[in-house]
Amino acid sequence: MSSPSDNEMWSVFKRLMIYVLPMKSMFFMAVLGLITYGAVDAGFIAFIKPFIDQGFASSATNVAGVDIPTHGGFNTDNDIMKMAPFVVIAMFTLRGFANFVSTYCVSYMSAKLIMDMRQQVFEHYLRLPVSYIDRENSGNLISRVTFDTEQIARASGSALISIVRDSMTVLGMLAIMFFYSWKLSLCILVIGPLMGVVISVVSKRFRKVSKQIQSAMGGVTATTEQMIKGHKNVLSFGGQETETKRFYQVNDKNRHQNMKLAVAQSVSQPLIMIIGSFALAFVLYAASWDSMQSELTAGTFTAILGAMMAMLQPIKNLTRVNAEFQRGIAACTTVFELLDTPAESDTGTHKVDRVKGDLSFENVNFSYPEQDKKALNGIDFTVKSGKTVALVGRSGSGKSTIANLITRFYEGLEEGDIKLDNTSIYDYQLKNLREQVALVSQQVTLFNDSIANNIAYAYPGEVTREQIEQAAELASAMEFIEALPEGLDTQVGENGVLLSGGQRQRIAIARAILRNAPVLILDEATSALDTESEKAIQQGLDNLRHNRTSVVIAHRLSTIESADEILVIDQGQIIERGVHSDLIEQQGVYANLYQMQFGS
């Protein structure tokens, strides 16, 4: 009876074959080529018997000392000997052609498989909820797209070549042996199960170690990524030695896991060869028996011996490819687990071209996954279309959580509802809901592209140069863009590394202006700006908020003095609300915050 791990392996293997189905013509050509390759090897061994028995029949005697009769009227030294060179050339030409066809087809399938699987994993990442990405190690996520899919492609290619070609060779050799002398060949039936036991035990070890290698590789990727992202901090704090030690640990762990695999592989192959040598030894011993010698000719014995010797390498190959195959199965398991992770919930059916913009939170309670403490407790407010609500409070009070819930980055309200135009945001189609919202967050994300393309990122439909320039102008970004050598066509580098924090922020604001969504979320949108830049951009933000429902999160209270309503958030609750002048008069938390910033 199969163990659960074996059942799992076959279910994973069957699922992997779904990716091969669209390439079935290539698959059949590859299999045909591999079968031909193995059959030619077996045919060459089969050709040895008539070559020896008939080619040298005039002077040959069998091992028992009896003269061997010639067959079929062949001229002893002529016909078979003259024909042999042409047979050999023809066989090896066919073998070479079969090798080319099979290698090309397998390489094509492997390359296509890895492309399709990487594409599927990447696209699935785009559909996963933010909560999943928050929990996962970014190094592991990258490793699944790069390392794991590579392992699957390598394993599928190596496994197909070895399983078909070498299995065909082994079966062909066995057929030759049993055809020429079934008695001598019976020893194979004894050692076969022993080989099967060894391969089964080693396979489980390969699978276990391969999963550990994937985890270790994820650690290497994550550590490298962290060092590159924090390169300036590492240098400024003199953390080179710390990072070197950290990387050495994960690198050494990866080496250790690879050595485990190498040990299992290096033990299994000689063990298979030793078991095979017993069968070979038995054939040599049995050939000395008088009863066997009377049945054997020199050609028969040589063909059987040659077949047994020719079987050893394919069996060794099958054992070696088993390690690759198990690594591929382990990688498949990891990738399929990822692909089975539920995507963002999108059961809403409501869809509109453009909402009016009435936004309301109705007694909303919310907790983050795996956290008992409520992030929001009884949040209740309404923002009419075209109005601005500002959220202020200490870090961690729940301001950004409110913004994240509007765009449904997190699901699962414990109580209450969030409505847009009197319709629950959970009734909207997810894509349609997010089309209604423009977000400028504290953490600006720019792509390694031109400034123009960053401003126009994911803009629905065609966008003109004039629109991009107008958006940049409103965001007070053109003043620094025009000073750059290539203007709007300037490459910003990875995540805008070639720009200052304030410049990156203004590009993000220009992106939101261009999007022209009816609901605007500004999450610390001016946090990276100096005082001069902030004053320059404030008019742009005022223009941006005009006729839009705006939710503004700010530490700098000067940016939200003109808000229609200010909510003071503390520990997930609204503790004060009102316009700026009223809150100052109340001499509460808001007034204290204002006094700390402005001193009066």
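Residues numbered from 1 in each chain as written. Predicted model: local features only at pLDDT ≥ 70, side-chain atom pairs only at ≥ 80, totals over all residues. Heavy atoms only, no water.

*Asks:* Could you clarify how one ought to interpret the UniProt feature "transmembrane region" (unreviewed entry) in the protein chain in this entry?
*Replies:* Those places that UniProt annotates as "transmembrane region" (unreviewed entry) correspond, in this numbering, to residues 26–48, 83–109, 186–203, 261–284 and 296–312. Secondary structure content for residues 26–48 is 96% helix and 0% strand, while the C-alpha to C-alpha distance between its ends is 34 Å. Here residues 83–109 is 100% helix and 0% strand, with 39 Å between the C-alpha atoms at its ends. (UniProt positions renumbered as here; feature names shortened; annotations may be inferred. Helix = DSSP H or I, 4+ residues; strand = E, 2+ residues; numbered from the N terminus.)

*Asks:* What exactly am I supposed to notice about unusual backbone geometry here?
*Replies:* Backbone geometry follows two general trends: most residues other than glycine have a negative phi, and most peptide bonds adopt the trans configuration. The phi dihedral of Ser 476 falls on the positive side, at around 55°, and the residue is not glycine. Tracing the chain through its elements places Ser 476 in the loop between helix 16 (465–474) and helix 17 (478–481).

*Asks:* Quick question: what am I supposed to make of the sheet that holds strand 4 (residues 415–420) here?
*Replies:* Each strand in a sheet pairs with its neighbour through backbone hydrogen bonds, running either in the same direction (parallel) or in the opposite one (antiparallel). Taken together, four strands build an open sheet; the order of strands is 2-1-4-5 and the sheet is antiparallel. Every interior strand has two partners, whereas the edge strands, strand 2 (376–383) and strand 5 (423–424), have only one. Taken strand by strand, helix 13 (residues 399–406) contacts strand 1 (359–366), strand 2 and strand 4, and its axis lies near 115° from that of strand 1. (Pairing = 2+ DSSP bridges. Contact = heavy atoms within 4.5 Å. Axes fitted to C-alpha atoms, helices over the stretch in contact; angles between N-to-C directions.)

*Asks:* Is there a simple way to explain the nonpolar core in this structure?
*Replies:* One recurring pattern in soluble globular proteins: nonpolar side chains tend to sit buried together. Ile 455, Ile 481, Ile 560, Ile 566 and Tyr 590 are the most contacted members of the largest nonpolar core, which has 42 residues in total. Val 383, Ile 402, Ile 425 and Leu 433 belong to the second-largest nonpolar core, a separate cluster that totals 31 residues. (Core = buried A, V, L, I, M, F, W, Y, C linked by side-chain atoms within 4.5 Å. Buried < 20%, exposed > 50% of the residue type's maximum accessible area, 1.4 Å probe, protein only.)

*Asks:* What am I meant to see in a negative patch on the surface here?
*Replies:* Together, Glu 466, Glu 469, Glu 473 and Glu 482 give the surface a local cluster of negative charge. Along the polypeptide, Glu 473 turns up in helix 16. (Patch = residues over 30% accessible without salt bridge, like charges linked within 9 Å, V, L, I, M, F, W, Y side chains within 5 Å. Areas by Shrake-Rupley, 256 points an atom, 1.4 Å probe, with all protein chains shown as cover. Salt bridge = Lys/Arg side-chain N within 4 Å of Asp/Glu carboxyl O. Lys, Arg positive; Asp, Glu negative; His and termini not counted. Charge placed at Lys NZ, Arg CZ, Asp CG, Glu CD.)

*Asks:* Explain a nonpolar patch on the surface to me, please; I cannot follow it from the model alone.
*Replies:* A grouping of Phe 97, Phe 100, Tyr 104 and Tyr 108 is seen on the molecular surface, where their side chains present a nonpolar patch of about 480 Å² in accessible area. Relative to the helices and strands, Tyr 108 resides in helix 4 (residues 79–127). With relative accessibility at 37%, the residue Tyr 108 sits in the partly exposed group.

*Asks:* What am I meant to see in the sheet that holds strand 7 (residues 519–523) here?
*Replies:* Spatially, six strands are ordered 6-7-8-3-9-10 in an open sheet, and the strand pairing comes out mixed. Each edge of the open sheet is held by one strand with a lone partner, namely strand 6 (437–440) and strand 10 (573–578). Across the sheet, the mean angle from the axis of one strand to that of its neighbour is 15°, orientation sign disregarded. Note that strand 7 and strand 8 (residues 549–553) share five bridges and pair parallel. Across the sheet, residue Leu 522 finds its bridge partner in strand 8, namely Val 552.

*Asks:* Explanation requested: the pattern of salt bridges in the structure shown.
*Replies:* Where charged atoms from two side chains of opposite charge come close, those side chains can pair. What the rule picks out here adds up to 17 salt bridges. For Glu 362, the salt bridge goes to Lys 419, with nearest N and O atoms at 3.9 Å. Here Lys 419 lies in strand 4 and Glu 362 lies in strand 1, a separation of 57 residues in the sequence. Among the residues examined, Lys 419 registers a relative accessible area of 24% and is labelled partly exposed. With a closest N to O distance of 3.4 Å, Glu 479 and Arg 506 form a salt bridge. Placement of Glu 479 in helix 17 and of Arg 506 in helix 18 (residues 501–515) is noted, with a sequence separation of 27 residues between them.

*Asks:* Just checking my understanding: could you explain helix 6 (residues 138–180) for this structure?
*Replies:* Structural remark: α-helix, 3.6 residues per turn; residues separated by three or four positions point the same way. Here helix 6 contains 43 residues, and its C-alpha end-to-end distance of 61 Å stays within 8% of the 63 Å for a straight helix at 1.5 Å per residue. At Arg 144, helix 6 shows its strongest bend, of approximately 45°. (Expected span 1.5 Å × (residues − 1). Bend = angle between axes of the 7 residues up to and from the residue.)

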